[in-house]
Amino acid sequence: MNLFTPQFGGYIYQMAQGALVTLELFVWSFILTLIAGTAIGIITLSRNPVIQLVWRVYSSIIMGVPSLLVIFLLYYGGSAMLTAVFGASRSFDVTPFGAGMAALTIVYAAYVAELVHGAAKNLPRGQFEACSALAVKPTAAWRHVILPQLARLALPGLVNIWIIVLKDTPLVSLAGLNDLVAVSKIAAGATKEPFIFFIAACLFFILFSALTSQLAARLEVRLNRGIAKAKA
Amino acid sequence: MSALPIDLALAWDSLPAMFRGLTTTLLVTVLVLAFGLVLSIPLTLARISPRRIFAWPALLFIVFFRGAPLLLLLYFVYYGFGQIPALRDGPLWIIFGSSFACAVIGLTLNHMSYMVEVVRGSLEAVPAGLTEASEALGLTPRETFTWIRLPLAMRYGLKAYQNEVVMFTKGTAVVSVITVVDLTAVANEIFELTYDPFTPMLTAAAFYWVLVNLIRVVFRALERYLNRHLTAHEDRSKPANSLPQPTPVPSSIARWKASRSLGVPAKGQAL
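Residues numbered from 1 in each chain as written. Chains lettered and ligands numbered in written order. Predicted model: local features only at pLDDT ≥ 70, side-chain atom pairs only at ≥ 80, totals over all residues. Heavy atoms only, no water.

Q: I tried to follow the overall build of chain B on my own but got confused; where do I start?
A: Summing up its helical and strand segments, chain B has 12 helices and zero strands in all. Order of helices (α) and strands (β) in chain B, N terminus to C terminus: α-α-α-α-α-α-α-α-α-α-α-α. Counting every position in chain B, which comprises 271 residues, the buried fraction comes to 42%. Split by element, the accessible area of chain B, about 15,300 Å² in all, is 68% carbon and sulfur. (Helix = DSSP H or I, 4+ residues; strand = E, 2+ residues; numbered from the N terminus. Buried < 20%, exposed > 50% of the residue type's maximum accessible area, 1.4 Å probe, protein only. Areas by Shrake-Rupley, 256 points an atom, 1.4 Å probe, with all protein chains shown as cover.)

What follows is the structure, given as structure tokens:
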């Protein structure tokens, strides 16, 4: 196939559109995952047995089930679930985008919560005690003392989750989302040039994760300012 | 919509098909694990080799197959290889023409690239003093590798390997897109026949959950077996140990977490 036909240019344009959809889904999912995961992580630090039970059941199920199944479950069953919750008087349309976003958030929030647990466990007990000794209100203590340190401790794990979520985003194309992977599959089928389009799509993911690991390294330097490096 | 969204009769009827799907999933998993384990060791050795002619192609391979999403890799193998005329007319078409083999190839490429990090990390975790000591005792480099570094690295890397195996087992759900009839594909078929959004997916989810937890149990047993010398030593030395005990971890959750992250099974925990 001639690479400089208008038809080929059209596919490139569609791939760019698909890449935007992928990025949009990924960014939204990751932001929601971060918020939900941190909240769940903080709530489940409580010793309340009911909270512990719910958390253990949730994390065990989520960590034992493929995310693809969760995406399908929410996509196929999402409108039935919403109707059950909000009453039958309203009807709900579940888009692939919404179902994918919800599924990725539900799945990876558990991993983020686990990470927050680990980081909170690594904080010296004295930090919490000093806050209460200085009569710092719990909300202020969390905001100004605990959370900034959690961010520093949890960053390497968060970068891992960021990359895993990025590579799980294409799964939503199986629920019918017209993202980069779906478009490249169509283009590859129509032009009989699978290598060009699939390699281009792969390169997009590789470059994006390479770019973000650079950014993460910078963020790590920023969050670790004021912490003395261990001398090797 | 009733309170319980699962149609138990349908779930019961779908069990034989689900078990067939599970067999395929297991077959893919076992094959890829075997290939990945065998192929990742030479790939790791190439990656950490001081010679650039080995190290650079290995690095390129790893960056590509680690960075690309699994779904794309499967498309790549399944739709891409059929476009190469030499392959399509050659004798190897028996392999590349079957979707099952394509799934195994795609997953293996991804899995072995991940395995390189696991193998490399655990090989590097072996203290340098041990290899120096075995050199000083006159062991050849090959003997040092097979009898000193590899057995120790296996113990260090077990946890990371478990994570990778669990991640990858869940990842096999994707092979349904290239027409391999695995557990997810069976669940999807039943959904398309019945339009019951919950029952087939939740049944398949239960199968996956059991599978993943079986893997965890097997790994825990393996870890206990490989580290049996450590537990024996700990048990003997504990009563005699007069060193100050570490300060107790405050909350029960933290303690539970600590025991989990160190891989020490809690007392009385059923396996």
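Q: Just to check I follow, could you spell out the interface of chain B and chain A for this structure?
A: Interface size, as often reported, equals the accessible area lost upon joining of the parts. Taken together, the contact between chain B and chain A spans 47 residues of the former and 46 residues of the latter. Note on chain B versus chain A: buried area summed over both sides is about 4,000 Å², and carbon and sulfur give 76% of it. Our count for the chain B to chain A interface comes out at zero salt bridges. Linking chain B with chain A are seven residue pairs in polar contact (both at pLDDT 80 or more). Looking at the side of chain B that touches chain A, the elements that each hand over two or more residues are helix 2 (52-67), helix 3 (70-80), helix 8 (141-171), helix 9 (183-194), helix 10 (199-226) and helix 12 (252-261) of chain B. Here the residues of the side of chain B that touches chain A sort into 33 nonpolar, nine polar and five charged. (Contact = heavy atoms within 4.5 Å. Buried area = accessible area lost by both parts, 1.4 Å probe. Salt bridge = Lys/Arg side-chain N within 4 Å of Asp/Glu carboxyl O. Polar contact = N/O pair within 3.5 Å; in protein donor to acceptor, adjacent residues only side chain to side chain. Nonpolar A, V, L, I, M, F, W, Y, C, P; charged D, E, K, R; others polar.)

Q: Can you help me understand the packing of aromatic side chains in this one?
A: Aromatic ring pairs are described here by two measures, namely the spacing of the ring centres and the angle between the planes. In this structure the tally under the stated criterion is 25 aromatic pairs over all chains. Ring geometry for B:Tyr75 against B:Tyr79: centres 5.7 Å apart, planes inclined by 45 degrees, an arrangement best described as tilted. Taken together, the positions of B:Tyr75 and B:Tyr79, both in helix 3 and four residues apart, correspond to about one turn of that helix. Taking the relative accessible area as the measure of exposure, B:Tyr75 reaches 4% and is therefore buried. When its relative accessible area of 31% is taken as the criterion, B:Tyr79 is described as partly exposed. Following the ring pairs from residue to residue traces out a cluster consisting of A:Phe26, A:Phe30, A:Trp162, A:Phe204, A:Phe205 and A:Phe208. Positioned above the aromatic ring of B:Tyr225, the side-chain terminus of B:Arg228 is 4.2 Å from the ring centre. (Phe/Tyr/Trp six-rings, centres within 6.5 Å; stacked < 30°, edge-to-face > 60°. Lys NZ or Arg CZ within 6 Å of the ring centre and 35° of its normal.)

Q: Explanation requested: the pattern of salt bridges in the structure shown.
A: Should their charged atoms come close, side chains of opposite charge can pair. Residues and elements named next belong to chain B. Scanning the model with the defined rule gives two salt bridges over all chains in all. Arg120 is paired through a salt bridge with Glu117; the nearest N and O atoms lie 3.3 Å apart. Taken together, the residues span about one helical turn, with Arg120 and Glu117 both in helix 6 (residues 99-125) at a distance of three residues. Of the residues examined, Glu117 reaches a relative accessible area of 30% and is grouped as partly exposed. Among the salt bridges present, the one from Lys159 reaches Glu223, with a minimum N-O distance of 4.0 Å. A residue pair is termed long-range when its members are at least 10 positions apart, and Lys159 in helix 8 and Glu223 in helix 10 qualify at 64 residues. On the accessibility criterion, Glu223 (13% relative accessible area) is buried.

Q: What should I look at first to understand the side chain of B:Asp182 in this one?
A: Here B:Asp182 is to be found in the loop between helix 8 and helix 9. Here B:Asp182 occupies a buried position and makes no salt bridge, while the nearest side chain of opposite charge, B:Arg20, is found at 12 Å. (Lys, Arg positive; Asp, Glu negative; His and termini not counted.)

Q: What is the right way to read helix 3 of chain B from this model?
A: Since one α-helical turn is 3.6 residues long, residues separated by three or four positions face the same way. When you tally the buried positions in helix 3 of chain B, you get nine out of 11 residues, the bulk of the element. Within helix 3 of chain B the residues assigned to the buried category are B:Leu70, B:Leu71, B:Leu72, B:Leu73, B:Leu74, B:Tyr75, B:Phe76, B:Val77 and B:Gly80. As for helix 3 of chain B, its buried residues are in contact with helix 7 (180-191) and helix 8 (194-223) of chain A together with helix 2, helix 6 and helix 8 of chain B.

Q: How do you make sense of the state of the cysteines when you look at a structure like this?
A: Covalent bonding between the sulfur atoms of two cysteines defines a disulfide. Counted by the stated rule, this structure contains zero disulfides over all chains. The thiol sulfur of B:Cys102 is not disulfide-bonded, and the nearest other cysteine sulfur, from A:Cys202, lies at 15 Å. (Disulfide = S-S within 2.5 Å.)

Q: Please clarify how the environment of B:Trp12 should be interpreted in this entry.
A: Here B:Trp12 is to be found in helix 1 (residues 8-47). The exposed category is assigned to B:Trp12, whose relative accessible area is 63%.

Q: What is the right way to look at the packing of helix 1 (residues 6-43) of chain A against helix 8 of chain A in this model?
A: The geometry of a pair of packed helices is captured by two quantities: the angle between their axes and the separation between those axes. All names here are of chain A. At their nearest, the axes of helix 1 and helix 8 sit 12 Å apart, and the two run at 35 degrees to each other. Where helix 1 crosses over helix 8, the two elements pack in a sense that is right-handed. Of the residues in helix 8, those touching helix 1 at Phe8, Tyr11, Met15, Ala19, Thr22, Leu23 and Phe26 are Ile196, Phe197, Ala200, Ala201, Phe204, Phe205 and Phe208. Looking at the contact of helix 1 with helix 8 residue by residue, the classes come out as 13 nonpolar, one polar and no charged. (Axes fitted to C-alpha atoms, helices over the stretch in contact; angles between N-to-C directions. Left-handed = near helix turned anticlockwise from the far one by under 90°.)

Q: When you look at the packing of helix 1 of chain B against helix 2 of chain B in this model, what are you seeing that I'm missing?
A: Residues and elements named next belong to chain B. Interhelical geometry of helix 1 versus helix 2 gives an angle of 120 degrees and a closest axis separation of 7 Å. Classified by the angle their axes make, helix 1 and helix 2 are oblique. When helix 1 is examined against helix 2, the residues Leu43, Ala46 and Arg47 are found in contact with a partner set consisting of Phe54, Ala55, Ala58, Leu59, Phe61 and Ile62. (Parallel < 35°, antiparallel > 145°, perpendicular 65-115°, else oblique.)

Q: What's the story with a nonpolar patch on the surface in this structure? I'm lost.
A: A surface patch of nonpolar side chains, about 540 Å² in accessible area, is lined by A:Leu53, A:Val57, A:Ile61, B:Trp209, B:Val210 and B:Leu214. Sorting the residues of the nonpolar patch by element identifies helix 2 (49-63) of chain A together with helix 10 of chain B as the ones contributing at least two each. Relative to the assigned elements, B:Leu214 resides in helix 10. (Patch = residues over 30% accessible without salt bridge, like charges linked within 9 Å, V, L, I, M, F, W, Y side chains within 5 Å.)

Q: Which parts of the structure should I look at to understand helix 9 of chain B?
A: Here helix 9 of chain B spans 17 Å end to end across 12 residues, near enough to the 16 Å set by a 1.5 Å rise per residue. Taken together, the buried positions of helix 9 of chain B are occupied by B:Leu183, B:Thr184, B:Ala185, B:Val186, B:Ala187, B:Asn188, B:Ile190 and B:Phe191. Those residues of helix 9 of chain B hidden inside the fold are in contact with helix 3 (67-86) of chain A together with helix 1 and helix 10 of chain B. (Expected span 1.5 Å × (residues − 1).)

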